[in-house]
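Structural description and commentary
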Amino acid sequence: MAAYFDEVKAQLKDGKAAFLVIIFTLARLIYGWAWVESGLHKIAWFSDGKLNSSGKIGSLITNIAGEKVTNFDPLYINKAFAWIAQNVFLSIPGVTDTLVVILEILVGVFMILGFRIFWTALIAMFMNLQFLAGGSFNNFGYIWTNLAMLKFARYAELLGVDGFLRSKQNR
């Protein structure tokens, strides 16, 4: 543990690194808590008898594969994902609801712990883009936060589980 603290102190001597570590550690804690809260609020999905994600997935399909947007889709990304949403996610709505709740909580916990920030932000980006494609623009800041976490993951992780694990590997 002392070696980890020594390594952190050494890295924080660089002013730019110290600034980025502080900013991204605080950001990931706040961001992580927002994900945990979002997932915890959805735990009611398990007992409300509804298929909660179905409506949002239907909107996503309309928004990314409707006539107005399929005119320019040279790689067929919209059509392919709309097909996946229609034939996979909508065919197992109970599983989809469960995955949403579990992944939101896991993204939050991993962010709070500073564990695998790059991969966690990538999963968060995937979920946020689906939400955005479904017509909800209230997570616009999340998308920019994901991009920042993808770029600066090593700073966000320094004061976290991955920073500790990296220090053990360097010995």
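Structure first, text after, so check above.
Every value quoted in this text rests on a predicted model; they were computed, and no experiment measured them. (Residues numbered from 1 in each chain as written. Predicted model: local features only at pLDDT ≥ 70, side-chain atom pairs only at ≥ 80, totals over all residues. Heavy atoms only, no water.)

1. Quick word on the overall build of the protein
Counting its secondary structure elements, the protein contains nine helices and zero strands. Listing each helix as α and each strand as β along the protein from the N terminus yields α-α-α-α-α-α-α-α-α. Along the longest, intermediate and shortest principal axes, the C-alpha atoms of the protein span 55 × 40 × 25 Å. A burial count over the protein gives 37% of its 171 residues as buried. When the accessible surface of the protein is totalled, it reaches about 10200 Å², and 69% of it is carbon and sulfur. Counting 15 positive and 11 negative side-chain charges, the protein places the averaged centre of each group 6 Å from the other. (Helix = DSSP H or I, 4+ residues; strand = E, 2+ residues; numbered from the N terminus. Buried < 20%, exposed > 50% of the residue type's maximum accessible area, 1.4 Å probe, protein only. Areas by Shrake-Rupley, 256 points an atom, 1.4 Å probe, with all protein chains shown as cover. Lys, Arg positive; Asp, Glu negative; His and termini not counted. Charge placed at Lys NZ, Arg CZ, Asp CG, Glu CD.)

2. Focus: the packing of aromatic side chains
Taken as a whole and judged by the stated rule, the model has 12 aromatic pairs. Note on Tyr-4 and Phe-164: the rings are 5.4 Å apart at their centroids and 80 degrees apart in plane angle, and the pair reads as edge-to-face. Of this pair, Tyr-4 sits in helix α1 (residues 2-12) while Phe-164 sits in helix α9 (residues 161-169), and the two are 160 residues apart along the sequence. Residue class for Tyr-4 comes out buried when judged on its relative accessible area of 8%. Members of the aromatic cluster, joined through ring pairs, are Tyr-4, Phe-5 and Phe-164. The cationic tip of Lys-56 hangs over the ring face of Phe-131; the distance from NZ or CZ to the ring centre is 5.0 Å. (Phe/Tyr/Trp six-rings, centres within 6.5 Å; stacked < 30°, edge-to-face > 60°. Lys NZ or Arg CZ within 6 Å of the ring centre and 35° of its normal.)

3. Here we look at the layout of surface pockets
Taken as a whole, the largest pocket spans an internal volume of roughly 610 Å³. For the largest pocket, the lining is made up of 24 residues, of which Val-100, Glu-104, Met-127, Gln-130 and Phe-131 are closest to its centre. Looking at the lining of the largest pocket, the elements that each hand over two or more residues are α2 (15-41), α3 (52-65), α5 (93-113) and α6 (117-133). Class assignment for the residues of the lining of the largest pocket results in 13 nonpolar, eight polar and three charged. (1 Å grid on protein atoms, 1.4 Å probe; cavity = no way out; pocket = protein on both sides within 12 Å on 5 of 7 lines; lining within 4 Å. Points joined across faces, edges and corners; volume = space filled by probe spheres on them. Nonpolar A, V, L, I, M, F, W, Y, C, P; charged D, E, K, R; others polar.)

4. A look at the side chain of Asp-162
Tracing the sequence through the fold places Asp-162 in helix α9. On the basis of relative accessibility, which here comes to 4%, the residue Asp-162 falls in the buried class. The contact partners of Asp-162, leaving out residues within four places of it in the chain, are Gly-114, Phe-115, Arg-116, Ile-117 and Glu-157. (Contact = heavy atoms within 4.5 Å.)

5. Describing the nonpolar core
Core analysis: the largest hydrophobic core is formed by 20 residues, its most contacted members being Trp-35, Met-111, Ile-117 and Met-149. Elements with a contribution of two residues or more to this core: α1, α2, α5, α6, α7 (140-151) and α8 (153-158). With six residues, α2 is the single largest residue contributor to this core. Ile-61, Ile-64, Ala-82 and Phe-89 belong to the second-largest nonpolar core, a separate cluster that totals nine residues. (Core = buried A, V, L, I, M, F, W, Y, C linked by side-chain atoms within 4.5 Å.)

6. Describing the pattern of salt bridges
Should the charged atoms of two oppositely charged side chains come close, the side chains can pair. Across all of its chains, the model carries three salt bridges by this definition. The salt bridge involving Arg-116 is made with Asp-162; its shortest N-O contact spans 3.0 Å. With a gap of 46 residues between them, Arg-116 in the loop between α5 and α6 and Asp-162 in helix α9 connect regions that are remote in the sequence. In this structure, Glu-157 and Arg-166 form a salt bridge, with 3.0 Å as the shortest nitrogen-oxygen distance. Residue classification places Glu-157 among the buried residues on the basis of a relative accessible area of 7%. (Salt bridge = Lys/Arg side-chain N within 4 Å of Asp/Glu carboxyl O.)

7. Points about unusual backbone geometry
Not every positive phi belongs to a glycine, and Tyr-76 is a case in point at roughly 55 degrees. On the secondary structure map, Tyr-76 appears in the loop between α3 and α4 (77-89). The backbone of Arg-116 shows a phi angle near 50 degrees, a positive value even though the residue is not glycine.

8. Some details on the environment of Trp-33
Positionally, Trp-33 belongs in helix α2. When the C-alpha atoms of Trp-33 and Val-109 are compared, they prove to be 7.7 Å apart, with 76 residues separating the residues in sequence.

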